Amino acid sequence: MKRKREIPMISEQFNDLLGNSLEESMITAEKVAHVQIGNNLEHALLVLTKCGYSVIPVLDFEYKLHGLISAAMITDAILGLERIEYEKLGELKVEEVMQTDFPIIEDTSNKEKIFRLLVDQPFLCVVDQVREFKGIITRRIILKQVNRFIHSPVEGSK
Ligand code: 4BW
């Protein structure tokens, strides 16, 4: 019979080092560049260009998370057969183009899950039970913690 592969938990030492700091080091909602449902693609492109980030969240007026948008998604949406249809920038809304299938995090203490998802995602959106957007946890945050862990003195060594 085939044995189920056991997924190892993250090391206790690493877990201790992180403490509750993932929640603490989350970039909170008010500092995250975003666009709103109802915004057209021209506005979204402007925000993406000005903030410099490649993918940003799409929120509604109650700060609920609906999707993610990138410049690549916008370009793809206005790409005609023979030319780029720039006029569509003003016609199409972000909700017609945004990505809706992506992982979200409700429990920031689940570090194992966060680390695993960040292998494939540059950042993870954190929401509460009613999907209100709380902020993002980025790869940079995690890599900074890992860097600190790597350079922390080993217990018992001189
Ligand atoms: O404008 C920038 N400022 C700073 N300080 N760093 C930046 C900036 N733009 C890019 N970076 C760096 C970061 O290290 O390049 C990495 C990749 O950016 P990205 O994905 O492809 O735009 C950044 O890595 P990160 O901090 O781990 O962020 C991962 C992703 O999270 C970013 C972006 O999609 C999103 N993000 C990060 N901070 C954000 C944000 N989205 C909106 N608002 C923020 N404040």
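Heads up: these notes are all about the structure in this document.

The rules behind these values
Residues numbered from 1 in each chain as written. Predicted model: local features only at pLDDT ≥ 70, side-chain atom pairs only at ≥ 80, totals over all residues. Heavy atoms only, no water. Buried < 20%, exposed > 50% of the residue type's maximum accessible area, 1.4 Å probe, protein only. Helix = DSSP H or I, 4+ residues; strand = E, 2+ residues; numbered from the N terminus. Pairing = 2+ DSSP bridges. Arc of directions from axis to C-beta. Contact = heavy atoms within 4.5 Å. Axes fitted to C-alpha atoms, helices over the stretch in contact; angles between N-to-C directions.

Burial of strand S7 (residues 133-138) is extensive: five of the six residues sit out of reach of the surface. Pairing between strand S1 (residues 27-28) and S7: two bridges, direction antiparallel. Of the residues in S7, the one forming a bridge with Thr28 is Gly135. Sheet topology places strand S6 (residues 123-127) next to S7; five bridges connect them, and they run antiparallel. Among the inter-strand pairings, Phe123 is bridged to a residue of S7, identified as Thr138. Connecting the antiparallel pair S6 and S7 is a turn made up of five residues, with Arg131 showing a positive phi of about 65°.

Within the sequence span of helix H3 (residues 41-51), burial applies to Leu41, Ala44, Val47 and Leu48. Seen along its axis, H3 keeps its buried residues to an arc of 120°; they face one direction. Exposed side of H3, more than 90 degrees from the buried face: Leu46, Thr49 and Lys50 are the residues found there. With its phi angle positive at about 85°, Gly52 sits one or two positions after the end of H3.

Before going further, it helps to examine the sheet that holds strand S2 (residues 35-36). Strand order in the open sheet made by the three strands is S2-S3-S4, with mixed pairing throughout. Single-partner strands in this sheet number two, and they are S2 and strand S4 (65-70). Here strand S3 (residues 55-59) pairs with S4 via five bridges, running antiparallel. Within S4, the position partnered with Val55 by the bridge is Ser70. In the packing of H3 onto the sheet, the strands contacted are S2, S3 and S4, and the crossing angle to S3 comes to about 135°.

What follows is about the environment of Asp101. Inspection of the secondary structure puts Asp101 in the loop between helix H5 (88-91) and strand S5 (104-105). In this structure Asp101 comes out as exposed when scored by relative accessible area, which is 69%. Expressed as a C-alpha distance, the spacing of Asp101 and Leu68, which sit 33 residues apart in the sequence, is 8.9 Å.

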